[in-house]
Amino acid sequence: MRPLLFGVLGCSLVLSVHSMYSSGDDVIELTPSNFHKEVIQSDSLWLVEFYAPWCGHCKNLAPDWKKAATALKGIVKIGAVDADQHKSLGGQYGVRGFPTIKIFGANKNQPEEYQGGRSSQAIVDGAMNALRTLVKDRLSGRSSGSGYNQQSGGGGGGGSTKDVVELTDDNFNKMVLDSDDVWMVEFFAPWCGHCKNLEPEWAAAAATVKERTKGKVRLGAVDATVHQGVSSRYGIRGFPTIKIFRKGEEAEDYQGGRSRGDIIEKAMDLFSDNAPAPELLEILNEDILKKTCEDSQLCVIAVLPHILDTGAAGRNGYLEVMMKMAEKYKKMMWGWLWTEAGAQMDLESSLGIGGFGYPAMAAINARKMKFALLKGSFSDTGIHEFLRELSVGRGSPTTLGGGAMPKIHTAEPWDGKDGQLPVEEDYDLSDVDLDDDFDKDEL
């Protein structure tokens, strides 16, 4: 009988340890399965205690926590999380000791630490103060928000977060997995210090990458404390975690640095891996020049010798060099153009090329109306040296002649063939009187 009694007492002791709060209390028991629905999606103010059943201070707090919950019933919600059993939930909110009390107010994704006393009266007072703050915020029209830009109060210092796409459990598949674009996705937690440090870098990188890749590489962010479905699918355990998504491929961990420069460099590498080389266009009218140069940070323009000077083989050799360089520098998203010497004299004049020194090459920044000329050889090595200097912001730019884009004349496209000399007319000299005047001396 004594062993049985001991067993019953042992079970009772275990149950009492793991049941600090019961269904009969006004304290709402919270778990990973109900936390999002009960707290995050709620309009109510919540005070949540994170506790461990073995913690002496937690046991001392329990009677006052229950009493406060009863006093605040219908006004403020009081909850409790067994953070010893549900370690992942405690980890999401940075719980390091017990008991930890957090206030989930206007911004549910960025709870505040409760710093008040532990008596029932102090807890009620703290709750009512938080409630007054919440009501004042609502009266003044302040939005609570739960998006990416809320994790550090708006992301000061690096750029607008508008180019970071906010991803959720509902839109992730459509936006990311079904997209032909490449995605870099940050999984963050609003309370995470490293995430807050990353946010301005991520936002600044998103704006630059969007512009340089024309939206072909996109940066997104998932609040992993809210959208736990997609986060658990990709095994997110720490914050921030950055993953790379390409259509039809497994997600890849990003292992690079956290500065905007590191992020942009990786994004441009991803872009160049997946993007075709830019098209090399002949300048046939004003629209071609305008669209190419206005849509690109730089447009690289070659003025090639006349077809009669090089033939088709020679011209194709020059074009092949240009296409090789366009492929090499495709992640820069520059425009690539060419024209025949003499076809666009206004353009040559504005670049200071006109009349000699073909082939020639210039890089134009249409936004600043500046250009730089190739001073080396028109070869793989010479052009690479020229473009490499420009890509790192070096070089000696000059203001475009006239301070505006030159007039472009409509031209016929090259047919890919050798040039033909113009056919000269045959003159019939039979009717010309060739007399002896040639022999006379002229006075």
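Because the structure is a prediction, the values reported are computed rather than measured.

A closer look at helix 3 (residues 56–71)
Move 1: An ideal rise of 1.5 Å per residue puts 22 Å on 16 residues; helix 3 measures up with 24 Å between its terminal C-alpha atoms.
Move 2: The axis of helix 3 is deflected most strongly, by about 40 degrees, at alanine 62, and proline proline 63 appears within four residues downstream.
Move 3: Along its buried surface, helix 3 packs onto strand 2 (46–51), strand 3 (77–82), strand 4 (100–104) and helix 5 (120–139).

Considerations on the pattern of salt bridges
Move 1: Under the definition given, this model contains 17 salt bridges.
Move 2: A salt bridge links lysine 102 to glutamate 113, with the nearest nitrogen and oxygen atoms 2.5 Å apart. Residue lysine 102 is found in strand 4, and its partner glutamate 113 is found in strand 5 (residues 112–113); the two are separated by 11 residues along the sequence.
Move 3: Given the relative accessible area of 40%, glutamate 113 is considered partly exposed.
Move 4: Across the salt bridge formed by glutamate 201 and arginine 260, the nearest N and O atoms sit 2.9 Å from each other.

What to know about the pairing of strand 15 (residues 370–373)
Move 1: Where strand 14 (residues 360–365) lies against strand 15, four bridges are found, and the strand directions are antiparallel. Residue pairing in the sheet places asparagine 365 in a bridge with lysine 370 of strand 15.
Move 2: Two successive antiparallel strands, strand 14 and strand 15, enclose a turn made up of four residues, where methionine 369 displays a positive phi of approximately 55 degrees.
Move 3: Direction of pairing for strand 15 relative to strand 16 (residues 398–399): antiparallel, over a ladder of two bridges. Among the inter-strand pairings, lysine 370 is bridged to a residue of strand 16, identified as threonine 399.

Some words on the packing of helix 3 against helix 5
The geometry of a pair of packed helices is captured by two quantities: the angle between their axes and the separation between those axes.
Move 1: In contact at an axis separation of 8 Å, helix 3 and helix 5 are set at 45 degrees when each is read in the N-to-C sense. Compared by their axis directions, helix 3 and helix 5 come out oblique. Crossing angle aside, the handedness with which helix 3 passes helix 5 is right-handed. Contacts from Leu61, Asp64, Trp65, Lys67, Ala68 and Ala71 of helix 3 reach helix 5 at Ser120, Ile123 and Val124.
Move 2: Its residues assigned to classes, the contact of helix 3 with helix 5 shows six nonpolar, one polar and two charged.

What about the environment of glutamate 211?
Move 1: Mapping glutamate 211 onto the fold places it in helix 7 (residues 193–213).
Move 2: The exposure class assigned to glutamate 211 is partly exposed, which follows from its relative accessible area of 46%.
Move 3: Separated by 86 residues in the primary sequence, glutamate 211 and glutamine 297 place their C-alpha atoms 9.6 Å from one another.

Some points on the state of the cysteines
Move 1: Applying the stated rule across the entire model yields one disulfide.
Move 2: Paired by a disulfide, cysteine 293 and cysteine 299 hold their sulfur atoms 2.0 Å apart. The chirality of the disulfide connecting cysteine 293 with cysteine 299 is right-handed, given an S-S dihedral of about 90 degrees.
Move 3: For cysteine 293, a relative accessible area of 1% gives the class buried.

Considering the packing of helix 11 (residues 307–328) against helix 13 (residues 380–391)
Move 1: Axis separation between helix 11 and helix 13 bottoms out at 10 Å; the angle between their running directions is 40 degrees. Accordingly, the angle class assigned to the pair helix 11 and helix 13 is oblique. Between helix 11 and helix 13 the crossing geometry is right-handed. From helix 11, Val321, Lys324, Met325 and Lys328 reach across to helix 13, where they touch Asp380, Ile383, His384 and Leu387.
Move 2: The residue makeup of the contact of helix 11 with helix 13, split by class, is four nonpolar, one polar and three charged.

Side note on the packing of aromatic side chains
Move 1: This model, assessed by the stated rule, comprises 13 aromatic pairs.
Move 2: An angle of 80 degrees between the planes, with centres 5.3 Å apart, marks the rings of tyrosine 93 and phenylalanine 104 as edge-to-face. You can see tyrosine 93 sitting in the loop between helix 4 (87–92) and strand 4 and its partner phenylalanine 104 sitting in strand 4, a full 11 residues away along the chain. Here the two residues tyrosine 93 and phenylalanine 104 agree in accessibility, since each one is buried.
Move 3: Ring geometry for tyrosine 234 versus phenylalanine 245: centroids 5.1 Å apart, planes at 85 degrees, classification edge-to-face. Pair noted here: tyrosine 234 is in the loop between helix 8 (228–233) and strand 9 (241–245) and phenylalanine 245 is in strand 9, with a separation of 11 residues, a long-range link. Residues tyrosine 234 and phenylalanine 245 agree in their burial class; the two are buried.

As for the pairing of strand 12 (residues 299–304)
Move 1: The buried fraction of strand 12 is high, at six of six residues.
Move 2: The side-chain alternation of strand 12 yields two buried faces, one formed by Cys299, Ile301 and Val303 and the other by Val300, Ala302 and Leu304.
Move 3: Two strands pair when backbone bridges link them, and strand 12 and strand 13 (residues 335–340) are joined in this way by six bridges, in the parallel orientation. Across the sheet, the residue bridging to valine 300 is tryptophan 336, located in strand 13.
Move 4: Viewed along the sheet, the connection from strand 12 through helix 11 into strand 13 turns out right-handed.
Move 5: Here strand 12 runs beside strand 14; their pairing, made up of five bridges, is antiparallel.

Topic: the confidence of the model for the chain
Move 1: Looking at the chain, the pLDDT average stands at 85 and 86% of residues meet or exceed 70.
Move 2: Across the chain, the element-wise mean pLDDT spans from 38 in helix 1 (residues 2–17) up to 97 in strand 9.
Move 3: Taken together, the stretch residues 1–17 has pLDDT below 50 and engages in one contact with residues farther than four places along the chain or on a different chain.
Move 4: Scored below 50 in pLDDT, residues 152–158 shows 13 contacts in the model against residues more than four places distant or in partner chains.

What counts and how
- Residues numbered from 1 in each chain as written.
- Predicted model: local features only at pLDDT ≥ 70, side-chain atom pairs only at ≥ 80, totals over all residues.
- Heavy atoms only, no water.
- Helix = DSSP H or I, 4+ residues; strand = E, 2+ residues; numbered from the N terminus.
- Expected span 1.5 Å × (residues − 1).
- Bend = angle between axes of the 7 residues up to and from the residue.
- Contact = heavy atoms within 4.5 Å.
- Salt bridge = Lys/Arg side-chain N within 4 Å of Asp/Glu carboxyl O.
- Buried < 20%, exposed > 50% of the residue type's maximum accessible area, 1.4 Å probe, protein only.
- Pairing = 2+ DSSP bridges.
- Axes fitted to C-alpha atoms, helices over the stretch in contact; angles between N-to-C directions.
- Parallel < 35°, antiparallel > 145°, perpendicular 65-115°, else oblique.
- Left-handed = near helix turned anticlockwise from the far one by under 90°.
- Nonpolar A, V, L, I, M, F, W, Y, C, P; charged D, E, K, R; others polar.
- Disulfide = S-S within 2.5 Å.
- Phe/Tyr/Trp six-rings, centres within 6.5 Å; stacked < 30°, edge-to-face > 60°.
- Right-handed = clockwise from strand over helix to strand, strands pointing away.
- pLDDT = per-residue confidence, 0-100.

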